[in-house]
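# Overview (structure and organization)
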Amino acid sequence: MGKLILVRHGQTEMNAQNLYFGKLNPPLNDLGISQAYQAKEKLLNIDYDNIYSSPLERARQTAEICNYLDKDIIFDSNLEEINFGIFEGLNFKGISEKYPNEVKKWKRIGKAITILQVKVQKKCFKELYHF
């Protein structure tokens, strides 16, 4: 049986600023590039057959850096982040100021969101199984 190794993309400036973003497409910052090279070092003794990546810039850069066997990378939009919609590019304070009613609803259904996140994770792993 094969192994599935998941590597999260390195840091972007939007991560560093604690902004919500999914479909926005920032590149890795200097720390993120360093993190990708650190991940590559940890993977050097692991043989792999395939690399699947989101086509978003931060994931693409991380996959390319980690690809020490120089295999073709399979870019699949199914691996893209979720879209945060009206919250894209804002931090929680900005969301709270701009969309106070939505934040109230968000807080009220916080437990439901956690349950939804678990369901989404299960669905993602189920979809990954079919690759």
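Residues numbered from 1 in each chain as written. Predicted model: local features only at pLDDT ≥ 70, side-chain atom pairs only at ≥ 80, totals over all residues. Heavy atoms only, no water.

## With respect to the UniProt feature "binding site: substrate" (unreviewed entry) in the protein chain
- In the numbering adopted here, UniProt assigns the feature "binding site: substrate" (unreviewed entry) to Arg8, His9, Gly10, Gln11, Thr12, Glu13, Met14, Asn15 and Arg58.
- Within the fold, His9 resides in the segment before α1 (13-16).
- For His9, a relative accessible area of 13% puts it in the buried group.
- For His9, the contacting residues outside a window of four places in its chain are Asn15, Arg58, Ala59 and Thr62.
- Looking at His9, its side chain comes within polar contact range of the side chain of Arg58, at 3.5 Å.
- In this structure, Arg58 sits in helix α3 (residues 57-66).
- Looking at Arg58, the relative accessible area reads 1%, which means it is buried. (UniProt positions renumbered as here; feature names shortened; annotations may be inferred. Helix = DSSP H or I, 4+ residues; strand = E, 2+ residues; numbered from the N terminus. Buried < 20%, exposed > 50% of the residue type's maximum accessible area, 1.4 Å probe, protein only. Contact = heavy atoms within 4.5 Å. Polar contact = N/O pair within 3.5 Å; in protein donor to acceptor, adjacent residues only side chain to side chain.)

## Some words on the environment of Ser34
- Take Ser34: it is sitting in helix α2 (residues 30-43).
- For the pair Ser34 and Gly10, spaced 24 residues apart in sequence, the C-alpha to C-alpha distance is 7.8 Å.

## Digging into the side chain of Ser54
- Take Ser54: it is sitting in the loop between β1 (51-53) and α3.
- Within the local environment of Ser54, its side chain forms a polar contact with the backbone nitrogen of Leu56, the two atoms lying 3.0 Å apart.
- With sequence-adjacent residues up to four places away left out, Ser54 is seen in contact with Ala59, Arg60, Phe75, Asp76, Leu79 and Glu80.

## A look at the packing of aromatic side chains
- Inspection of every chain in the model, using the stated rule, returns three aromatic pairs.
- Each ring, one from Tyr20 and one from Phe84, has its centre 5.4 Å from the other, and the planes form 75°; the classification is edge-to-face. On the criterion of sequence distance, the pair formed by Tyr20 in the loop between α1 and α2 and Phe84 in the loop between β2 (73-75) and α4 (92-98) is long-range, its members being 64 residues apart. (Phe/Tyr/Trp six-rings, centres within 6.5 Å; stacked < 30°, edge-to-face > 60°.)

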